[in-house]
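If you want the building blocks of each chain, they are given just below.
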Amino acid sequence: MSVLRLPRLFSGAAVLCAAVLAGGLVAVPVEAAGKVLPVAAEEAAPAVLTGAGNDDGGPAAGRFIVKFKERAVRSSAGRSRAYGLTAKALRVSVEEIRRTATGAHVVAVDEPLDGEQAERLVSALEASPDVVYVEPDRLMQPAALAPDDALYGQQWNLKEERAGMRVPGAWDVSTGDGAVVAIVDTGITEHSDLAGKVLPGYDMIADVEMARDGNGRDADARDEGDWYGDGECGADAGGGNSSWHGTHVAGTVAAVTGNGKGVAGIAPDAQILPVRVLGACGGFTSDISDAIIWAAGGDVAGTPVNPYPAQVINLSLGGGWRCSATTQEAINYAVSAGAAVVAAAGNEGIDAAESSPANCNNVIAVGASARDGKRAHYSNYGSRIDVMAPGGDMAAAQANGIVSTSNAGETGPGAEQYAHAEGTSMAAPHVAGVAALLMSPAGGGLSPADVEKRLKATARPLATACSLGCGAGLVDATAALTGAVPATQPATPSIRPGDLVAFDREGQLWNYGKSGSSATRKLIGRSGWTTMDEIHTADWNDDGYVDIIAKTKAGQLYFYKAARTGGFSRSLIGGSGWAPLDLTVTRWRSGDEYPSILAKDTRNGRLYVYGNASGSTLSSRYVLGSSGWADYVLTAMDWDKDGRRDIVAKTPAGQLKLYRGDGTGGFASGFRMIIGSSGWNGMRNIVSSNGFGGTGTNGLFARDSKGTLWYYQANRSSWAKRTLVGTGWSSYHVAGQ
């Protein structure tokens with residue numbers, strides 16, 4: 001059996017083509033959701049070590065989706081005029097390729113565009129009175145299971161009590177007979193564990209080279225392989241073997257069960273409808289949106305009507321941008337036609353609000369959990385997550401991944417096999433399988449809206465609490481089908497994410513929750529806190545409960561581990577020498593399982609990062625800024641909402657400066673800008689807030705000379721109007737978050 005390590009959504013390994021500023025064409029992180037932020041004038045500033053992150057990637061693909069008003073749809077004159085003016089302005093040739101199922105048109109230019117040129121093209125087309133909207137035709141990537149099946153013993157994800165989905169009990173009610181699940185993916189390969197399960201699907205890849213079958217769109221949904229050579233999908237992209245991603249996803253949903261071999265599917269009597277959209281270098285939004293509509297039974301020009309409309313559509317794919325109008329229209333159609341749309345949350349370890357199609361409306365967005373019951377470290381999170389499902393984590397052992405059907409071919413299809421994989425790509429089909437059980441006649445024939453409600457209502461908390469946002473919790477198949485929800489004891493930790501925590505002059509530690517009112521505050525530390533020079537609240541060991549990192553005035557560093565039912569247990573993580581260091585606690589690198597410590601040395605002005613590899617003790621440090629930081633007051637937050645932590649610093653001149661992180665442990669190119677022009681020298685106890693204004697919010701607490709505490713919330717490219725937290729805070733020390 002092989003280990004299938006699929007490319008994770010938006011990861012460096014999955015950069016298969018390049019991005020265009022303001023909504024790039026590939027699956028890479030998008031800076032500040034396309035907003036262009038002002039750059040401050042050059043001046044003396046702390047020296048930094050810049051990381052190797054690349055914000056823009058290589059050349060753009062040069063494809064766009066244009067929605068015209070009805071008069072221009074009926075007559076080509078308006079479209080031709082818009083294309084002509086654009087071509088003249090940019091000195092490129094603009095070609096109309098085809099019309100999509102949503103009524104928009106796919107257009108392409110004859111040469112690659114850089115970010116500025118792409119913006120100019122969009123602006124030129126949008127200037128036409130005949131155009132409704134223009135958006136990039138983005139290239140998405142793969143987001144990348146007591147039967148007698150030989151590998152059923154390895155399918156912890158179905159049955160283990162701690163982190164499994166409790167599927168066997170659901171089979172007493174439904175096995176999915178009568179339900180069709182569309183797998184919108186790389187296509188499918190022949191596999192004996194899928195025999196009799198696969199309906200005639202469709203290859204929706206319009207580009208012949210990407211399709212690799214010589215003829216673009218056709219009625220053959222066979223996976224031809226998504227391998228690619230060095231540089232084939234962008235100058236900076238290395239080569240990679242075929243993933244057989246769609247075959248793996250299909251096996252999770254509906255592999256033959258009880259046949260004495262291989263794996264068991266979650267909905268073993270459901271049928272699979274493969275719709276191929278991902279080929280060499282990924283798949284375009286225009287093809288994927290057409291595939292969604294076709295799978296739900298809608299009309300797509302040039303293709304026959306699907307005779308097997310799906311009740312469930314699985315999207316284990318995506319990219320790092322906002323939901324496009326084209327994708328949303330397709331999803332809306334599918335749901336109105338009676339199909340539940342399940343989408344992988346993405347694997348960058350960032351807020352799922354930055355991942356499409358998980359951030360679209362009317363989808364069931366699925367995050368990934370690991371075998372230990374935690375949110376998988378790579379899984380995206382936040383308020384957009386609806387539910388969690390097993391996605392695996394093979395860092396410690398292959399057996400902790402998700403085993404399913406696969407193929408042995410390195411490029412084209414070879415012999416059938418089974419493979420372990422990890423990712424939200426693996427989590428989504430778990431939910432699609434349970435949705436099929438619920439939408440089958442035996443499961444009640446639920447509507448898409450009722451499926452989502454049932455999944456959420458019967459989900460159970462993760463075995464380890466999720467402080468960053470994991471939706472309703474882990475899907476429980478037995479509870480969803482029977483209504484029997486296991487009883488759980490609610491957690492009552494002393495601090496919850498975003499809570500305002502501070503100690504007073506008497507050494508008492510208080511939790512003010514999401515307000516500054518003394519009427520609602522709770523005492524969480526009776527005495528002794530005045531020995532501390534600074535405190536920070538963070539989930540240091542990633543167990544779902546907010547801990548405290550505290551530095552004493554004597555220079556020791558302590559970890560106060562939070563208990564599930566309240567209180568803390570203390571351990572020493574820094575024996576001495578911390579007195580001259582000013583600290584900030586944050587997940588500095590995107591996707592880090594545990595927070596790190598940013599430490600400014602007031603003696604030499606250096607800025608260090610102390611790692612936290614185990615969730616307990618500190619690991620080796622590295623230099624982030626070589627000099628000049630001594631007189632700066634530092635905080636850390638995701639100020640511009642691009643999924644990467646940034647440093648917000650108060651300068652000696654009383655300004656606030658933003659130093660944008662690159663997500664890999666360094667600073668992004670063009671990283672520095674002024675975000676507070678003056679007046680900050682009068683503020684004290686400036687610390688970061690993460691969640692005080694609600695899930696996913698970022699901001700600052702700051703106390704003025706009169707003892708008034710203020711909250712400043714960051715809104716991507718500016719500060720919202722400041723909010724009064726309370727008066728009389730002169731004798732309090734507020735914790736950073």
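Residues numbered from 1 in each chain as written. Predicted model: local features only at pLDDT ≥ 70, side-chain atom pairs only at ≥ 80, totals over all residues. Heavy atoms only, no water.

- The name given to the chain in an unreviewed UniProt entry is Serine protease, and the organism recorded there is Arthrobacter crystallopoietes BAB-32.
- In its Subcellular location (unreviewed entry) section, the UniProt record describing the chain reads: "Secreted".
- Here the chain is described in UniProt, under the heading Sequence similarities (unreviewed entry), as follows: "Belongs to the peptidase S8 family." (UniProt positions renumbered as here; feature names shortened; annotations may be inferred.)

### Some words on the packing of aromatic side chains
Geometrically, a pair of aromatic rings is defined through the distance of the ring centres and the angle of the planes.
(1) Moving on: Within this structure, the stated rule accounts for 20 aromatic pairs.
(2) Moving on: When the centroid spacing of 5.5 Å and the interplanar angle of 40° are considered together, the rings of Tyr202 and Trp294 count as tilted. Taken together, the positions of Tyr202 in strand E8 (residues 202–203) and Trp294 in helix H7 (residues 285–295) put the pair 92 residues apart, joining distant regions of the chain.
(3) Moving on: Trp294 sits in the buried class, given a relative accessible area of 2%.
(4) Moving on: Consider the rings of Phe701 and Tyr711, whose centres lie 5.7 Å apart with planes at 45°: the pair is tilted. One end of the pair, Phe701, is in strand E34 (residues 698–703); the other, Tyr711, is in strand E35 (residues 709–713), with 10 residues separating them in the sequence.
(5) Moving on: Judged by its relative accessible area of 5%, Tyr711 falls in the buried class.
(6) Moving on: Ring-pair connections join several aromatic residues into one group, and the members of that group are Trp588, Trp629, Tyr632, Tyr659 and Phe667.
(7) Moving on: The cationic tip of Arg621 hangs over the ring face of Tyr608; the distance from NZ or CZ to the ring centre is 3.8 Å.
(8) Moving on: One residue, Arg722, lies across the ring of Trp710, its end atom 3.6 Å from the ring centre. (Phe/Tyr/Trp six-rings, centres within 6.5 Å; stacked < 30°, edge-to-face > 60°. Helix = DSSP H or I, 4+ residues; strand = E, 2+ residues; numbered from the N terminus. Buried < 20%, exposed > 50% of the residue type's maximum accessible area, 1.4 Å probe, protein only. Lys NZ or Arg CZ within 6 Å of the ring centre and 35° of its normal.)

### What about the state of the cysteines?
(1) Moving on: Using the criterion set out here, one finds two disulfides in the structure.
(2) Moving on: Here Cys323 pairs with Cys360 through a disulfide, and the sulfurs are 2.0 Å apart. Given an S-S torsion of about 100°, the disulfide between Cys323 and Cys360 has right-handed geometry. Placement of the pair is Cys323 in the loop between strand E12 (317–318) and helix H8 (325–336) and Cys360 in the loop between strand E13 (340–344) and strand E14 (364–369), with a sequence separation of 37 residues.
(3) Moving on: The disulfide that involves Cys466 links it to Cys470, with 2.0 Å between the sulfurs. Measuring the twist about the S-S bond at about 65°, one finds the Cys466-Cys470 disulfide to be right-handed.
(4) Moving on: Judged by relative accessible area, which is 26%, Cys466 ranks as partly exposed. (Disulfide = S-S within 2.5 Å.)

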